[in-house]
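A look at the structure
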Amino acid sequence: MLSAYINIFLIFALMFIGYFLTYKQWFTNQVGDVFSKLVLQIALPCNMFLNITKNFSREEFLQLFSGMIIPLISMLLTFAFSYLYVKLFKVSEGRQGAFATMFTCSNTIFIGLPINLAIFGEKSVPYVLLYYIVNTTLFWTIGIYLIAKDHPQIEQATVHFHPLQVLKKIFSPALLGFLVGVGWVLLSLPMPSEAATFFAYLGNLTTPLSMFVIGIIVYNVGIRNLKLNKDILGVLVGRYLLSPLIVWLLGQWIHVPELMLSVFIIQSAMPVQNSVPILARSYGGDQEYAASSLGYSVLLYLVYIPVLLKLIL
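Along each chain, residue indices are assigned from 1 in the same order as the chain's sequence is written. The predicted nature of this model means local features are confined to residues of pLDDT at least 70 and side-chain atom pairs, given and counted, to a pLDDT of 80 or more, with totals for whole chains, interfaces and linings taken over all residues. The basis for every side-chain value is the complete set of heavy atoms in the structure, and neither hydrogens nor water enter the calculation.

The subject of this paragraph is the overall build of the protein chain. Starting at the N terminus, helices and strands are each numbered in turn, a helix being any DSSP run of H or I of at least four residues and a strand any DSSP run of E of at least two. Looking only at helices and strands, the protein chain has 16 helices and zero strands in total. Atoms counted for the radius of gyration: C-alpha only. Globule rule: 2.2 Å times residue count to the power 0.38. In summary, the protein chain has a C-alpha radius of gyration of 19 Å against a globular reference of 20 Å for 313 residues, a match within 12%. Judged by the C-alpha coordinates and their principal axes, the protein chain covers about 55 × 50 × 45 Å. A 1.4 Å probe rolled over the protein chains alone gives each residue an accessible area, and that area as a share of the maximum for its type sets the label: buried under 20%, exposed over 50%, partly exposed in between. Classification of the 313 residues of the protein chain by burial places 52% in the buried group. It only takes one pair of heavy atoms within 4.5 Å for two residues to be counted as in contact. Of all intrachain contacts in the protein chain linking residues separated by at least 6 positions in sequence, the fraction that spans at least 24 positions is 87%. Total accessible area computed for the protein chain in this model is approximately 14,900 Å², and 66% of it derives from carbon and sulfur atoms. Positive charges come from Lys and Arg alone, negative charges from Asp and Glu alone, with His and the N- and C-terminal ends not counted. Lysine's charge is taken at NZ, arginine's at CZ, aspartate's at CG and glutamate's at CD. In the protein chain, the 17 positive side-chain charges and the 12 negative ones have mean positions that sit 6 Å from each other. Only the protein chains shown count as cover for residues, with accessible areas throughout obtained via the Shrake-Rupley method and a probe of 1.4 Å.

As structure tokens, then:
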């Protein structure tokens, strides 16, 4: 337990370095964009490919996908609860879609992957990606549709929304790296040691660059500009109470390996997706509300994650 806390502290120390270097103007939004591209298009695909080929045999992998039912059911249920919350607590118009998406979808890569690596090690990566596949699919289908509906004129808000764009987001380089690794494992192909070393060099960039990006985002949101209200509190309830509780309850009903369930619980209780404030702005929604929700969810996570670990480890 102590080693997990220390590892998490080191992960967030990287975030604070990113925050401080942004304050010192070493990092800018443009640098953050470059780091994001490096992670999502180079480092993460290498990380996914290497971990799948290194940690799983063909037989072990074929048993892996049976657990995907838990994140799928849990997220659909959480979307349903977000709809009830909107009606019961009268979430303001113009932010209801962003609310439901932030209530349900979590930051499974930029924070989720480093945190799971810190707690459980590389053996958690395939389970991290299973949750990521479901989370990303629902985010870029149901989530983006709901965010677009926040615009007062839905026809105008969705004019740039195209199924091919959604497929491109779902089949990201990270997922493609995973799928190539799956094919490699299923075909039982050998992995040259030189190639494994090369992929490891690139894959090891994932954690520090991811946390630098979070630090840049938190700085640019502006801690002083964060405004707490009942709609933000609702997002935090969804992220940190309801989502992990639903996953845990499903895990008592659907039998999966203990490590898989623990990873799913951690993944379900991550901060808000980085993309929501950008999408809210693009579709004419409440960008300030989305950015404040993101900022609060990241800052609260520092206090929340030790409590969650105490409960599940």
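Bringing the nonpolar core into the picture now. Only buried Ala, Val, Leu, Ile, Met, Phe, Trp, Tyr and Cys residues count toward a nonpolar core, and they belong to the same one when joined by side-chain atoms within 4.5 Å. Core analysis: the largest hydrophobic core is formed by 94 residues, its most contacted members being I115, F178, I266 and Y301. In this structure, F178 is in contact with M48, I52, F61, F65, L129 and I133, ignoring residues within four places of it in sequence.

With that settled, the discussion passes to the environment of I232. Positionally, I232 belongs in helix α13 (residues 230-253). Under the relative-accessibility criterion, I232 is labelled buried at 1%. Each residue touching I232, except ones within four places of it in the same chain, is listed here: K227, Y289, S292, S293 and Y296.

Once that is clear, we can look at the side chain of T108. Mapped onto the elements of the fold, T108 is located in the loop between α5 (96-104) and α6 (112-120). On the accessibility criterion, T108 (3% relative accessible area) is buried. With residues near it in sequence (within four places) discarded, T108 still touches L113, V128, Y131, Y132, N135 and Q267.

Next up on the list: the environment of F20. In this fold, F20 is placed in helix α1 (residues 2-23). For the pair F20 and I216, spaced 196 residues apart in sequence, the C-alpha separation works out to 8.6 Å.

A few words on helix α7 (residues 125-149). Taking 1.5 Å per residue as the helical rise, α7 with its 25 residues ought to reach 36 Å, and the 34 Å between its terminal C-alpha atoms agrees with that figure. Note on bend: the value at a residue is the angle between axes fitted to the seven residues ending there and to the seven starting there. Of all the bends in α7, the greatest, near 40°, is centred on F139. The buried count for α7 comes to 19 of 25 residues, which makes it a mostly enclosed element. A helix is expected to reach a length of 1.5 Å times the quantity of its residues less one.

As a further point, take the packing of α6 against helix α12 (residues 206-221). Orientation is described by lines fitted to C-alpha atoms, with helices fitted over the stretch in contact, and by angles between N-to-C directions that extend from 0 to 180 degrees. Two elements in contact, α6 and α12, have axes separated by 9 Å at closest approach and are oriented at 130°. On the basis of the axis angle, α6 is oblique to α12. When you trace α6 past α12, the crossing you get is left-handed. On α12, the residues that touch L113, P114 and L117 of α6 are T206, T207, S210 and M211. Classes in brief: Ala, Val, Leu, Ile, Met, Phe, Trp, Tyr, Cys and Pro nonpolar; Asp, Glu, Lys and Arg charged; the others, Gly included, polar. For the contact of α6 with α12, the class distribution of residues is four nonpolar, three polar and no charged. When describing relative orientation, an angle under 35 degrees is termed roughly parallel and one over 145 degrees roughly antiparallel, while 65 to 115 degrees is termed roughly perpendicular and anything else oblique. Crossings are sorted by hand: turned counterclockwise from the far helix by less than a right angle, the near helix makes the crossing left-handed, and turned clockwise it makes it right-handed.

Another point: the UniProt feature "transmembrane region" (unreviewed entry) in the protein chain. UniProt positions are given in the numbering used here, feature names are shortened, and annotations may be inferred rather than shown by experiment. Per the UniProt entry, the sites bearing "transmembrane region" (unreviewed entry) are residues 6-22, 64-86, 98-121, 127-148, 169-187, 199-221, 233-254 and 289-309 in this numbering. Within residues 98-121, the helical portion is 67% and the strand portion 0%, while the C-alpha atoms at the span's ends are 33 Å from each other. In residues 289-309, helix accounts for 100% and strand for 0%; the two terminal C-alpha atoms are 29 Å from one another.

Take the packing of aromatic side chains next. Each Phe, Tyr or Trp ring, with Trp reduced to its six-membered ring, pairs with another whose centre is within 6.5 Å; inter-plane angles below 30 degrees give stacked pairs, above 60 give edge-to-face pairs, and intermediate values give tilted ones. Applying the stated rule across the entire model yields 18 aromatic pairs. Between the aromatic rings of Y85 and F99, the centroid separation amounts to 5.1 Å while the plane-to-plane angle is 25°, which identifies the pairing as stacked. Placement of the pair is Y85 in helix α4 (residues 69-88) and F99 in helix α5, with a sequence separation of 14 residues. This pair shows no difference in class: Y85 is buried, exactly as F99 is. Measuring from centroid to centroid gives 6.1 Å for Y85 and F103, while their planes differ by 45°, and the two rings are tilted. You can see Y85 sitting in helix α4 and its partner F103 sitting in helix α5, a full 18 residues away along the chain. F103 sits in the buried class, given a relative accessible area of 1%. Ring pairing ties together the aromatic residues F12, Y240, Y301 and Y304, which thus form one cluster. Whether a charge sits over a ring depends on NZ of Lys or CZ of Arg being within 6 Å of the ring centre and within 35 degrees of the ring normal. The lysine or arginine in question, R95, covers the ring of Y289, its NZ or CZ lying 4.4 Å from the ring centre.

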